[in-house]
Amino acid sequence: MKMILVIFSFFIFACGNTYKKTEINSQSQISGKDTCDSPDADIGCNFRNAPSELTEVMTICGDSEPGQKIRIDGQILKSDGVTPYSGIIIYAYQTDSTGHYSKSGNESGAQKWQGRLHGWCKTDSEGKYVINTIRPGRYPSNEYPAHIHWAIMEPDGKMQYLNDFVFSDDSLVTKEYVSNPYYKTGDIGVLTLSEPVNGIMTALRITVLK
């Protein structure tokens, strides 16, 4: 039986983006516990609960969510810096306006740790996406800039975390911070928000995958 499981896992790995989902679900079934229910869960856990149908628009929270409403218009390009990268699944999660990963109580898997403010979308034919949300608050410790985490899954199944979304007017986004991006992948991720229009601030982010 062990040999069969090993051969099956190898076969799924060769099939691209179905590997992580299958491996994670199989591990949960074998161990009897949800292996994605952990603060250190595998990156694939971010995508396990994604809806089967995705558009280029991600709405992380509704109109009743406290905080400054923001809209991020983004585009992902291939490594040549010119070719739009379509079909990338994006996952993002963040704190609420008070700096907490607040819960609704019905989260499962990785989202039990990441909170209720999360969402998914998929880049369109021009590599573009939109995120509608609120500006996150800093952690109560005040050690880091306010930020939005994100991870991507490419059409071939490759997954990676990219540099967080942070904000140019945050006093903790210093020259030192900008010179040492955490993941050192793509753009640094500093957003410059516009003045509010109808209560919504907007920003643009262009990301070139390396």
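Up top you'll find the structure we're talking about.
Residues numbered from 1 in each chain as written. Predicted model: local features only at pLDDT ≥ 70, side-chain atom pairs only at ≥ 80, totals over all residues. Heavy atoms only, no water.

J.: Whenever I open this one, the state of the cysteines confuses me. Can you help?
T.: By definition, a disulfide links the sulfur atoms of two cysteine residues through a covalent bond. Taken as a whole, this structure holds 1 disulfide when the rule is applied. With a sulfur-sulfur separation of 2.1 Å, cysteine 36 is cross-linked through a disulfide to cysteine 45. Across the disulfide from cysteine 36 to cysteine 45, rotation about the S-S bond amounts to roughly -80°, and the bridge is consequently left-handed. Take cysteine 36 and cysteine 45: they sit in the same class, and that class is buried. (Disulfide = S-S within 2.5 Å. Buried < 20%, exposed > 50% of the residue type's maximum accessible area, 1.4 Å probe, protein only.)

J.: Please clarify how unusual backbone geometry should be interpreted in this entry.
T.: Phi is positive for asparagine 142, which is not a glycine, with a value near 60°. As for its position among the elements, asparagine 142 is in the loop between strand 5 (128-134) and strand 6 (148-153). Non-glycine residue asparagine 198 carries a positive phi angle of around 55°. Within the secondary structure, asparagine 198 sits in the loop between strand 8 (190-191) and strand 9 (200-208). (Helix = DSSP H or I, 4+ residues; strand = E, 2+ residues; numbered from the N terminus.)

J.: Help me understand the sheet that holds strand 9 in this model?
T.: Across a sheet, paired strands are connected by hydrogen bonds in the backbone, their directions being either parallel or antiparallel. Reading across the sheet, the 4 strands line up as 1-5-2-9 and stay open at both edges, with mixed pairing between neighbours. With one partner strand each, in any of the chains shown, strand 1 (57-59) and strand 9 form the two edges of the open sheet. Strand after strand, the sheet turns through a mean of 15° between neighbouring axes, direction not considered. Judged from the 3 bridges that link them, strand 1 and strand 5 form a sheet pairing that is parallel. The partner of valine 57 across the bridge, within strand 5, is valine 130. (Pairing = 2+ DSSP bridges. Axes fitted to C-alpha atoms, helices over the stretch in contact; angles between N-to-C directions.)

J.: What should I look at first to understand the nonpolar core in this one?
T.: One broad rule of soluble globular proteins: the nonpolar side chains tend to lie buried together. Of all hydrophobic cores here, the largest spans 26 residues; its most connected members are Ile76, Ile90, Tyr129, Trp150, Ile152 and Phe165. Within the residue set of this core, elements represented by two or more residues are strand 2 (69-77), strand 3 (89-94), strand 5, strand 6, strand 7 (159-167) and strand 9. Isoleucine 90 has contacts with Met58, Ile76, Gly119, Trp120, Cys121, Thr123, Tyr129, Trp150, Ala151 and Ile152, leaving out every residue within four places of it along the chain. (Core = buried A, V, L, I, M, F, W, Y, C linked by side-chain atoms within 4.5 Å. Contact = heavy atoms within 4.5 Å.)

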